[in-house]
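Results of the structural survey
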Amino acid sequence: MNAWQTLVSRALVGVQETTPASAAELPTELEELLAAHLSSSTFEPLAGGGAHAQRHLVAASVVATWRRAGRKSLPSLAPPTAAPDESMRLLPRAAQSSLRRLLAGEFAIFARAWFARAAELRWRIPPELLPAALTFAGERPELRADFLRVCGERGVWLARQLPYKSFAAGEENEDWETAKGVWRFGYVVRVRAKDPAAARELVAGCWKTEAVEMREILVEALSENLSEADESWLESVLADRGAKVRANAIELLARLPNGALVQRMTARADGLLRKHKGSPLSSARLEVELPPELDDAARRDGLDAKSLPRSRELGERALRLSFILGAVPLAHWTQRLDADVATIVELAARNEHGRALLTGFSIAARRQRDAVWAAALLESDVKLDPNAAATPAQLRACLPRETAVKLLRAGIAREGVLTTPPTGWTPTGEALIEFAAPWPRALQHDVAESLQARLTVGALRPLRSGLERVFLGLDPELAELCLSPWSADETGASALFELVRFRAEALEALESAA
Amino acid sequence: MDGFTLEQVLALAPDPSSAKAGQGLGSPAKWSLLQRDASAVWGEIQGSGKDPYRTQVDLAGPAFHCTCPSRKFPCKHGLGLLLVLAAHPARVVQAEQPPWVVEWLAKRAATAERKATIATERATPSDDPQLHARREAERSKRATQRDERVRDGLDELRLWLADTVRNGLVAARQGGARSWDQMAARLVDAQAPGAARLVRELASFAARADDWETRVLERLALLWLLTESARRLDSLPAELAADVRQSIGWSTSDAELAALPGVRDRWCVAAQRIEDEDRLRVRRTWLFGRETGRCALLLSFSAGAQPFDAAPAPGSSVEAELVFHPSAWPLRASLRSSANAQALTDFTPHASASFEAALQHAAIAFAAQPWLERVPWCIEGCIPVRDGARWLACDAQGHALELHPSTPAWTFAAVSGGHPVCVAGEWDGERLRALACTSEGRWIPLEGASS
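Below or above, wherever it landed, is the structure these notes cover. (Residues numbered from 1 in each chain as written. Chains lettered and ligands numbered in written order. Predicted model: local features only at pLDDT ≥ 70, side-chain atom pairs only at ≥ 80, totals over all residues. Heavy atoms only, no water.)

**Let's talk about the overall build of chain B**
This is how it is decided: Secondary structure elements are defined from DSSP: runs of H or I of at least 4 residues count as helices, runs of E of at least 2 residues count as strands, and each element is numbered from the N terminus. Based on C-alpha atoms, the radius of gyration is set beside the globule rule, defined as 2.2 Å times the residue count to the power 0.38. Relative accessibility decides the category of a residue: with a 1.4 Å probe and only protein chains considered, values under 20% of the type maximum give buried, values over 50% give exposed, and everything between is partly exposed. Any pair of residues with heavy atoms lying within 4.5 Å of one another is described as a contacting pair. Residue-level accessible areas treat just the shown protein chains as cover; the underlying method is Shrake-Rupley with a 1.4 Å probe. By the counting scheme adopted, Arg and Lys are positive, Glu and Asp are negative, and His together with the chain ends is not counted. For this purpose, a charge sits on NZ of Lys, CZ of Arg, CG of Asp or CD of Glu.
Each helix and strand counted, chain B has 14 helices and 16 strands in total. Compactness check: chain B gives a C-alpha radius of gyration of 24 Å against a globular reference of 22 Å for 451 residues, within 12% of the reference. With respect to the three principal axes, the spread of C-alpha positions in chain B is 70 × 70 × 45 Å. Within the span of chain B, comprising 451 residues, buried residues form 52% of the whole. The contacts of chain B with a sequence gap of at least 6 include a subset with a gap of at least 24, amounting to 62%. As presented, chain B carries roughly 20,000 Å² of accessible surface, and 51% of it is formed by carbon and sulfur atoms. Seen as two clouds, the 52 positive and the 55 negative side-chain charges of chain B have centres 5 Å apart.

**A closer look at the sheet that holds strand E7 (residues 280–289) of chain B**
Residue and element names in this part refer to chain B. Test applied: Between any two strands, pairing holds if DSSP finds at least two bridges. An axis is simply a line fitted to the C-alpha atoms; with a helix, the fit covers only the stretch in contact. Between two such axes, the angle follows the N-to-C directions and lies from 0 to 180 degrees.
Spatially, E6-E7-E8-E10-E9 is the arrangement adopted by the five strands of the closed barrel, whose pairing is mixed. Going across the sheet, the axis of each strand differs from the next one's by a mean of 45°, ignoring polarity. With seven bridges joining them, strand E6 (residues 263–277) and strand E9 (residues 316–324) adopt antiparallel strand pairing. By the bridge assignment, Arg 266 is partnered in E9 with Glu 319.

**Quick look at the environment of Ala 453 of chain A**
On the secondary structure map, Ala 453 of chain A appears in helix H24 (residues 441–454). Owing to a relative accessible area of 64%, Ala 453 of chain A belongs among the exposed residues under this scheme.

**As for helix H6 (residues 130–139) of chain A**
Along H6 of chain A, the residues that are buried comprise Leu 130, Pro 131, Ala 133, Leu 134, Phe 136 and Ala 137 of chain A. The secondary structure elements touched by the buried residues of H6 of chain A are helix H4 (93–103), helix H5 (111–120), helix H7 (144–150) and helix H8 (152–161) of chain A together with helix H14 (409–416) of chain B.

**Regarding the state of the cysteines**
Residues and elements named next belong to chain B. Keep this limit in mind: Put simply, a disulfide is two cysteine sulfurs that come within 2.5 Å.
Overall, the coordinates contain zero disulfides over all chains when judged by the stated rule. With no disulfide of its own, Cys 68 lies closest to Cys 66 among cysteine sulfurs, the gap being 3.6 Å. Given the relative accessible area of 10%, Cys 68 is considered buried.

**Examining the interface of chain A and chain B**
Threshold: Buried area, as used here, totals the accessible surface that two parts lose on assembly, with accessibility defined by a 1.4 Å probe and the loss added over both. By convention in these notes, a salt bridge is any Lys or Arg side-chain nitrogen within 4 Å of a carboxyl oxygen on Asp or Glu.
Residue-level contacts link 67 residues of chain A with 76 residues of chain B. Between chain A and chain B the total buried area reaches about 5,900 Å² when both faces are included, carbon and sulfur atoms providing 60% of it. Area buried by chain A at its contact with chain B is led by Leu 57, Arg 68 and Glu 128 of chain A, which between them contribute 13% of it. One salt bridge connects Glu 218 of chain B with Arg 67 of chain A, and the closest N-O pair in it is separated by 3.1 Å.

**Side note on the packing of H24 of chain A against helix H26 (residues 464–473) of chain A**
Residues and elements named next belong to chain A. To keep it simple, the criterion reads: Oblique is the label for any angle not under 35 degrees, not over 145, and not in the 65 to 115 range, which are roughly parallel, roughly antiparallel and roughly perpendicular in turn. Each crossing is labelled by how the near helix is turned from the far one, with a counterclockwise turn of less than a right angle marking it left-handed and a clockwise turn marking it right-handed. Under the scheme applied, nonpolar residues are Ala, Val, Leu, Ile, Met, Phe, Trp, Tyr, Cys and Pro; charged residues are Asp, Glu, Lys and Arg; polar residues are all the others, including Gly.
Their axes nearest at 10 Å, the elements H24 and H26 cross at an angle of 140°. Taken together, the axes of H24 and H26 are oblique relative to one another. Considering only the axes of H24 and H26, their crossing is left-handed. Every residue of H26 that contacts H24 at Gln 444, Val 447 and Leu 451 is listed here: Leu 467, Val 470, Phe 471 and Gly 473. For the contact of H24 with H26, a count of residues per class yields five nonpolar, two polar and no charged.

Dropping the structure here:
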């Protein structure tokens with residue numbers, strides 16, 4: 001609007017006596033109004049030479065009011081396509097308030113279980129909480145699958161409106177070219193589930209242009225539906241510059257029993273590990289040689305010190321032995337050493353290089369998901385370096401769930417969950433902390449009994465973080481039962497009580513009908 | 001009423017940490033007593049003291065009372081109690097009021113009555129002629145003094161406005177906050193706090209990156225208009241004169257209000273916004289009258305941790321009597337009485353069908369009362385659309401308005417889902433602040449919804 005622009009630009013530099021008076025291009029009525037006012041008797045010019053500024057202000061006040069009142073709308077933009085109708089029921093009131101607290105960051109440890117349960121019961125998050133929930137799930141990859149089940153049509157729709165690529169936005173083929181980073185990872189994972197070869201092609205195609213951090217995770221994305229068709233490309237990755245990239249590729253190649261890597265490693269291992277048959281005078285034992293100096297082939301296969309993890313317990317060559325063994329199919333040993341699994345493990349434990357051997361076997365058991373070897377290794381008492389070997393939790397994950405539960409129950413019966421006095425957790429207790437919920441009733445009862453027997457007031461605070469995880473595995477009533485001898489204030493462990501109570505109420509709220 | 005919704009209760013919290021603390025007390029397990037009847041809800045909760053705290057809420061206000069030592073208002077126990085009522089109504093048992101509830105409610109009723117009596121007393125002449133004469137003399141002396149001070153202050157303001165324009169806006173901006181603050185302080189001394197605020201806000205306009213010169217000149221012009229109008233107050237129509245006085249900083253006295261007729265209706269409490277202003281917090285509550293079709297604004301102020309006065313909770317509808325402050329465009333009102341609150345599920349009867357219609361209405365409002373800072377807005381068929389860095393609200397007729405940047409636009413977008421929704425908010429002549437909407441038969445506040 002020209003008159004206003006003139007008024008503004010003149011005011012910017014200052015309205016002096018020399019500035020020509022008034023603005024042009026006002027609508028006639030305003031012009032007349034202004035003229036009438038300025039010449040009427042009610043207009044009192046300011047003393048001291050401010051008259052021009054005064055006139056300017058009078059004109060500005062008329063035009064400003066006129067502009068404000070006469071504000072017009074803007075042309076509308078095309079709205080986004082409307083979201084499809086919802087088919088799932090809206091989350092009940094009480095559960096909405098639990099969700100708000102979770103989204104605010106409270107009781108973080110319970111978030112995953114809440115989303116899982118809400119998804120099972122097929123509730124839908126109310127739309128006004130979706131932006132916060134999307135961000136929340138975006139930062140916590142373990143929640144994403146369940147989030148996608150409770151976000152409803154509106155959640156996916158909203159994700160597609162966002163200016164960045166959200167994990168919830170779903171597949172959109174055209175965007176592979178323009179999208180970057182973690183979205184590409186998710187895309188590869190989804191494609192790999194349906195068309196493994198296509199996923200590999202995608203990764204191979206973008207290999208040259210991606211940074212090392214992306215290459216590391218893109219290799220990992222191919223871990224589902226791994227097959228021998230992937231072998232030749234993975235072998236080419238062994239020449240990559242990134243150490244972790246090569247290590248991830250070796251992880252995958254080691255899972256292909258007929259592959260070239262495995263055959264190379266087996267050949268190396270056969271030269272290093274033999275069984276010496278016993279005689280009536282001496283029992284059977286294993287003969288172990290440590291690997292020789294590195295050659296190029298060994299470096300390529302990731303056996304050099306830089307590629308291997310650091311270990312405080314194993315020397316360089318012993319560690320190399322472990323990683324060679326880690327790539328050998330475990331079935332090979334029962335055949336070649338002509339003994340069963342338990343015997344081999346026992347013989348290995350007795351050997352002077354026992355640590356290295358067992359570390360190697362544990363790596364192999366983890367990769368090959370071998371339940372028998374995992375169970376045997378868990379039974380053996382030898383403590384292995386968690387930097388190199390598979391952790392007990394990883395080995396337990398190889399077992400069928402019932403076996404794991406049985407082992408845990410046996411452990412509880414043997415040594416309980418807490419030490420006496422309750423200053424810490426027993427190995428079984430630590431295993432429980434890692435063990436994923438939901439726990440079968442029998443296990444829960446064992447745990448609750450053991451806790452009730454040993455837990456004291458003084459232990460609640462120091463053991464809080466472990467107790468939080470253990471309580472998540474118990475049904476709410478059992479958890480409350482364990483805490484029932486005390487009240488929140490006297491223990492100083494109010495956060496623990498809060499968690500147990502919040503969880504109980506949140507789960508109850510999810511079960512409610514409306 | 002069945003109580004309040006979760007969003008309504010959270011809207012009552014004086015600050016986010018109280019809201020969070022209140023949520024922590026929102027589980028029935030924490031309360032050793034939970035009871036209610038038709039007009040109030042009460043409970044007992046163990047705190048850090050020896051005896052449990054007694055908390056009660058008068059549902060008609062809502063008004064709160066708690067025996068805990070907290071100075072916040074409402075305290076976290078009051079919020080927690082209402083949250084329990086909202087989320088677990090079955091656990092709050094119908095019962096007779098115990099003595100400590102009867103006592104407090106009676107005291108409230110007595111105070112309200114006493115205030116009303118005092119107001120009418122002040123309005124009617126006293127029986128004792130001497131006392132009455134003395135009171136009158138004091139009153140008129142104070143009034144004359146203030147008039148003089150204000151007149152002097154506004155004269156200074158006129159000179160200052162002319163100087164600012166003479167030296168140029170660029171120079172004023174370079175001078176920084178000092179230039180505005182000094183004039184504002186002078187106006188406060190002159191007992192013209194409304195004008196002082198209008199001057200003070202120039203600082204935030206000057207600090208804007210885009211369009212600052214337009215905003216600044218608009219405000220300077222508005223102030224000029226105010227000083228001009230103040231000089232010829234007597235020749236203005238009474239309502240407009242009331243607006244001028246209001247903008248300068250006079251407030252309508254309780255006595256004056258008591259003498260005005262009230263407007264009874266069932267009012268939708270459609271939206272609310274709390275803002276921080278200098279050292280005060282301001283709460284604006286917008287009401288739409290079902291039968292009369294009128295809009296009303298309830299304004300409340302709180303300094304520091306002081307409570308806001310009781311006002312109907314947003315997202316409810318109440319039968320209330322409001323008394324409108326005199327104005328050329330009456331919006332601001334005070335609550336005389338309220339009862340029978342119910343949940344609000346939609347406010348479509350008050351909605352305009354298009355922006356054009358609403359803008360026409362706003363044009364008349366701004367023309368009638370130029371110092372009106374914002375008008376209430378209710379429109380159906382509205383969809384938020386992103387346009388680069390800003391958001392637009394689009395209506396069903398192909399028109400759009402810019403949304404205020406403080407609107408939680410993604411929450412709005414999620415609630416709308418590309419479908420048209422009914423929105424209530426504020427229009428300031430430039431941008432629209434969307435405060436609440438209705439969707440799927442629910443009232444949803446847009447601010448504080450997901451925080």
